[in-house]
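Overview (structure and organization)
Residues per chain are reported as follows:
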Amino acid sequence: MYYKDTSHNHTNSTHIGILLLRMVIGGILLFHGISKLHDISFVKIQLINHALPSIWAYGVYIGEVLAPILLMLGYRTRFFAMIIAINCLVAILLVHKNEIFVINPSSGAWAIETLGLFFGGAICLCFTGGGKYALSKKSNWD
C-alpha cells in the first residue's frame with residue numbers, strides 16, 4: 001500500500017531532517033555535476049569503453065545538475081531522488097564496479113563511500129518524499 005505523507009503525521013523536526021537531507025545530497029552532488037560542465041570527456045570515454053553511445057554522457061547533466069537542483073527545491077522529490085539513485089548505480093557499474101568490495105587501506109573507508117552515501121540518501125528520499133518544506137507536495141512524486 002502506498003503511503004502518502006500528510007504533514008500532520010510527522011513532527012516539525014522530521015520535516016527539517018528531510019529538508020537537510022535534500023540539501024546535503026543535492027548540494028554536494030551538484031558540485032560533481034558542475035565539474036562535468038567544463039569537461040565531460042571522462043564520461044564519454046567510459047561509455048565508449050562499455051560499447052555504449054557517447055551521447056548518453058549528457059545524461060549526467062540530468063542526474064548531477066538538474067536533479068540535485070530540483071531535489072534541493074523539493075520539486076517532485078521522489079522522482080528526482082530516483083534519477084539520482086539511478087545515476088549513482090550507472091556510475092558504480094561503469095566506473096567503480098571493481099571497488100564495490102574494496103576498503104581503502106590508508107583510511108579504512110569504503111572505496112566508493114561517496115557514491116554509497118548519495119545512493120542511500122536518494123533512496124531514503126524516494127521513501128519519505130520532500131516533506132513539508134518542499135516546493136511541491138500534492139503529487140505521488142512528492
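The preceding data block contains the structure.
Just so we're clear, the structure is a prediction, and the values are computed from it rather than from any experiment. (Residues numbered from 1 in each chain as written. Predicted model: local features only at pLDDT ≥ 70, side-chain atom pairs only at ≥ 80, totals over all residues. Heavy atoms only, no water.)

With that settled, the discussion passes to unusual backbone geometry. Residue alanine 51 is not a glycine yet carries a positive backbone phi of 60°. In this structure, arginine 76 is a non-glycine residue whose phi angle is positive, near 50°.

A contiguous nonpolar patch, built from Ile69, Leu73, Tyr75 and Leu135 and spanning about 360 Å² of accessible area, is present on the exposed surface. Classification of tyrosine 75 by relative accessible area gives partly exposed; the value is 32%. (Patch = residues over 30% accessible without salt bridge, like charges linked within 9 Å, V, L, I, M, F, W, Y side chains within 5 Å. Areas by Shrake-Rupley, 256 points an atom, 1.4 Å probe, with all protein chains shown as cover. Salt bridge = Lys/Arg side-chain N within 4 Å of Asp/Glu carboxyl O. Buried < 20%, exposed > 50% of the residue type's maximum accessible area, 1.4 Å probe, protein only.)

For the structure on display, the rule yields one salt bridge. Note that lysine 36 and glutamate 64 form a salt bridge whose closest N and O atoms lie 2.8 Å from each other. With lysine 36 in helix 1 (residues 12–38) and glutamate 64 in helix 3 (residues 59–73), this pair connects stretches of sequence that are 28 residues apart. On the basis of relative accessibility, which here comes to 17%, the residue lysine 36 falls in the buried class. Owing to a relative accessible area of 7%, glutamate 64 belongs among the buried residues under this scheme. (Helix = DSSP H or I, 4+ residues; strand = E, 2+ residues; numbered from the N terminus.)

In this structure the tally under the stated criterion is two aromatic pairs. Relative to tyrosine 61, the ring of tyrosine 58 lies with its centre 6.0 Å away and its plane at 50°, an arrangement referred to as tilted. With a centroid separation of 4.9 Å and an interplanar angle of 80°, the aromatic rings of phenylalanine 79 and phenylalanine 80 are classed as edge-to-face. (Phe/Tyr/Trp six-rings, centres within 6.5 Å; stacked < 30°, edge-to-face > 60°.)

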